[in-house]
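# Working through the structure, step by step
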Amino acid sequence: MGLLERLRKEWFILGIVLVIAVARLEPAVGVKGGPLKPEITITYIAVSAIFFNSGLSLKTEELTSALMHVKLHLFVQIFTLVFFPTAIWLFLQLLSITPINEWLLKGLQTVGCMPPPVSSAVILTKAVGGNESGGSTAPLKFSFCTLCCLIFMAF
């Protein structure tokens, strides 16, 4: 595989590296209230564009099939709600015997219990050529189940 062919294949990762490098050189462009207005462009426009683009590329049959793919959704739920928080907890037990700041450990524990953003799941699944309909529906189903649990717990 030639260099140019490899660059075409890995365009997404290269784009991420390029954006990080530019942000390192000129961070004022992306700050809140800066020229890019990330409080508007990221929150509303970028996330909406990601879902719109992903939705346009999915066939209705694939989406319906993905919603019924129980094994996929069980795996995602168990990995997100059981495996990853347990792994982070074990890692934190190991780190607690080091002189690392207690608040840093609490922050890591909090982040370890949070589900990944839906937009990241959609983009990364598409970038690696994965099951795009599953990557779109699994996080949405997770969010819906979480919402239902919160409503149930409130009453």
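The text that follows walks through the structure, step by step, so that each part is easy to find. (Residues numbered from 1 in each chain as written. Predicted model: local features only at pLDDT ≥ 70, side-chain atom pairs only at ≥ 80, totals over all residues. Heavy atoms only, no water.)

### Comments concerning the overall build of the protein chain
Going by this rule: A run of DSSP states H or I qualifies as a helix once it reaches four residues; a run of E qualifies as a strand once it reaches two. Both are numbered from the N-terminal end. Per-residue accessibility, obtained with a 1.4 Å probe over protein chains only, is compared with the maximum for each type, and a residue is labelled buried under 20%, exposed over 50%, and partly exposed between these values. We call two residues contacting when some pair of their heavy atoms lies within 4.5 Å.
Broken down by element type, the protein chain carries 8 helices and 0 strands. Along its sequence from the N terminus, the protein chain presents helices and strands in the succession α-α-α-α-α-α-α-α. Residue burial in the protein chain is summarised as follows: out of 155 residues, 18% are buried. In the protein chain, once contacts between residues fewer than 6 apart in sequence are set aside, the share between residues at least 24 apart is 57%.

### Digging into helix 5 (residues 70-95)
What counts here: To estimate the expected span of a helix, subtract one from its residue number and multiply by 1.5 Å.
Its 26 residues place the ends of helix 5 36 Å apart at the C-alpha level, agreeing with the 38 Å of an ideal helix rising 1.5 Å per residue. Of the residues making up helix 5, those classed as buried are His73, Gln77, Thr80, Pro85, Ile88, Leu92 and Leu95.

### Digging into the packing of aromatic side chains
Describing an aromatic ring pair means giving the distance of the ring centres and the angle of the ring planes. In plain terms, the rule: Centres within 6.5 Å make a pair out of two Phe, Tyr or Trp rings, where for Trp the six-membered ring is used; the pair is then stacked when the planes are under 30 degrees apart, edge-to-face when over 60, and tilted otherwise. Two conditions define a charge located above a ring, namely a distance within 6 Å from the ring centre to NZ of Lys or CZ of Arg, and an angle within 35 degrees of the ring normal.
Evaluated as defined, the whole model comprises 4 aromatic pairs. Here the aromatic rings of Phe79 and Phe83 are separated by 5.1 Å at their centres, their planes lie at 25 degrees, and the arrangement is stacked. Remark: Phe83 and Phe79 occur in helix 5; sequence separation between them is 4 residues, near one turn of the helix. Aromatic pair Phe79 and Phe84: ring centres 6.5 Å apart, planes at 35 degrees, arrangement tilted. Grouped by ring-pair contacts, the aromatic residues Phe75, Phe79, Phe83 and Phe84 constitute a single cluster. Directly above the ring of Trp103 sits Lys106, whose terminal nitrogen or CZ lies 4.4 Å from the centroid.

So far we have only geometry, and geometry alone does not tell us how the molecule works.
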